Amino acid sequence: REWRRMEFLWVRWFEEDPEYPSGFQERRLPMAGTSAFGFVDPSDVLRAAFLMPAFAYGTTSELLGHSPLARKHCNDDEDYKYYYVGIFVDRDMYMRYLGGGVGH
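Report follows, based on the coordinates. Model, not experiment: these values are computed from the prediction.

Parameters and conventions
- Residues numbered from 1 in each chain as written.
- Predicted model: local features only at pLDDT ≥ 70, side-chain atom pairs only at ≥ 80, totals over all residues.
- Heavy atoms only, no water.
- Helix = DSSP H or I, 4+ residues; strand = E, 2+ residues; numbered from the N terminus.
- Buried < 20%, exposed > 50% of the residue type's maximum accessible area, 1.4 Å probe, protein only.
- Contact = heavy atoms within 4.5 Å.
- Areas by Shrake-Rupley, 256 points an atom, 1.4 Å probe, with all protein chains shown as cover.
- Salt bridge = Lys/Arg side-chain N within 4 Å of Asp/Glu carboxyl O.
- Lys, Arg positive; Asp, Glu negative; His and termini not counted.
- Phe/Tyr/Trp six-rings, centres within 6.5 Å; stacked < 30°, edge-to-face > 60°.
- Patch = residues over 30% accessible without salt bridge, like charges linked within 9 Å, V, L, I, M, F, W, Y side chains within 5 Å.

## Quick word on the overall build of the protein chain
Then, number 1: Helix and strand content of the protein chain: one helix and six strands.
Then, number 2: Overall, the protein chain shows an N-to-C arrangement of helices and strands of β-β-β-β-β-β-α.
Then, number 3: Sorting the 104 residues of the protein chain into buried and exposed places 16% on the buried side.
Then, number 4: At a minimum sequence separation of 6, the contacts of the protein chain that also span at least 24 residues come to 58%.
Then, number 5: Summed over all atoms, the accessible surface of the protein chain reaches about 9,100 Å², with 53% contributed by carbon and sulfur.

## Re the pattern of salt bridges
Note on pairing: side chains with opposite charge can pair once their charged atoms come close.
Then, number 1: In total, this model carries two salt bridges according to the counting rule given.
Then, number 2: Notably, a salt bridge pairs Glu7 with Arg5, separated by 3.1 Å at the nearest N-O pair. Summarising the burial analysis for this pair, Glu7 and Arg5 share the class exposed.
Then, number 3: As a salt-bridge pair, Arg12 and Asp79 come within 2.1 Å of each other at their nearest N and O atoms. A residue pair is termed long-range when its members are at least 10 positions apart, and Arg12 in strand β1 (residues 9-16) and Asp79 in strand β5 (residues 79-80) qualify at 67 residues.

## Comments concerning the side chain of Asp17
Then, number 1: The residue Asp17 is located in the loop between β1 and β2 (31-40) in this model.
Then, number 2: No salt bridge is formed by the buried Asp17; its nearest oppositely charged neighbour, Arg28, is found at 9.1 Å.
Then, number 3: Beyond its immediate chain neighbours, meaning those up to four positions away, Asp17 contacts Met31, Ala32 and Tyr82.

## Considerations on the packing of aromatic side chains
Then, number 1: Following the criterion strictly, the structure yields six aromatic pairs and no others.
Then, number 2: Measuring from ring centre to ring centre gives 5.4 Å for Phe14 and Tyr83, while their planes differ by 75°; the resulting arrangement is edge-to-face. Placement of Phe14 in strand β1 and of Tyr83 in strand β6 (residues 82-86) is noted, with a sequence separation of 69 residues between them.
Then, number 3: The class for Phe14 is partly exposed, based on a relative accessible area of 26%.
Then, number 4: Tyr83 gets classed as buried once you look at its relative accessible area, which sits at 10%.
Then, number 5: Considering the side-chain rings of Tyr20 and Tyr84, the 6.4 Å spacing of their centres and the 55° angle between planes classify their relative orientation as tilted.

## Remarks on a nonpolar patch on the surface
Then, number 1: A cluster of nonpolar residues, Met6, Phe8, Trp10, Phe37 and Phe39, forms a patch on the protein surface that exposes about 580 Å² of accessible area.
Then, number 2: Note that Phe37 resides in strand β2.

## A look at the environment of Trp10
Then, number 1: Relative to the assigned elements, Trp10 resides in strand β1.
Then, number 2: Put simply, Trp10 and Phe37 are 27 residues apart on the chain and 7.2 Å apart in space, counted from C-alpha to C-alpha.

## So, unusual backbone geometry
Then, number 1: At Arg27, a residue that is not glycine, the phi angle is positive and equals roughly 60°.
Then, number 2: In this fold, Arg27 is placed in the loop between β1 and β2.

## What to know about the side chain of Thr60
Then, number 1: Inspection of the secondary structure puts Thr60 in strand β4 (residues 59-60).
Then, number 2: Not counting chain neighbours up to four residues away, the residues in contact with Thr60 comprise Asp77, Glu78, Asp79 and Lys81.

Put into structure tokens, the structure is as follows:
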């Protein structure tokens, strides 16, 4: 047999918290909680997302057991309960969807 290179991404899936009001009207970023892990083909990825820990909601060890792959060794097997999702990549995209921005 010959060795064959295979590229893949190990991803962590998140799901939106439906009870957390977000968007332009509420002036809040969407919030997501962790769901599962999986693998995807890199060619299927359109864009990455910027996730910010929601520090105020604390951490938990119930979402993911001990895993040297999923987290650094120094954080005592704890993970943040929720993350805020950065919904726009830059100010131009933000203004495009909000309105009132100068076009390019």
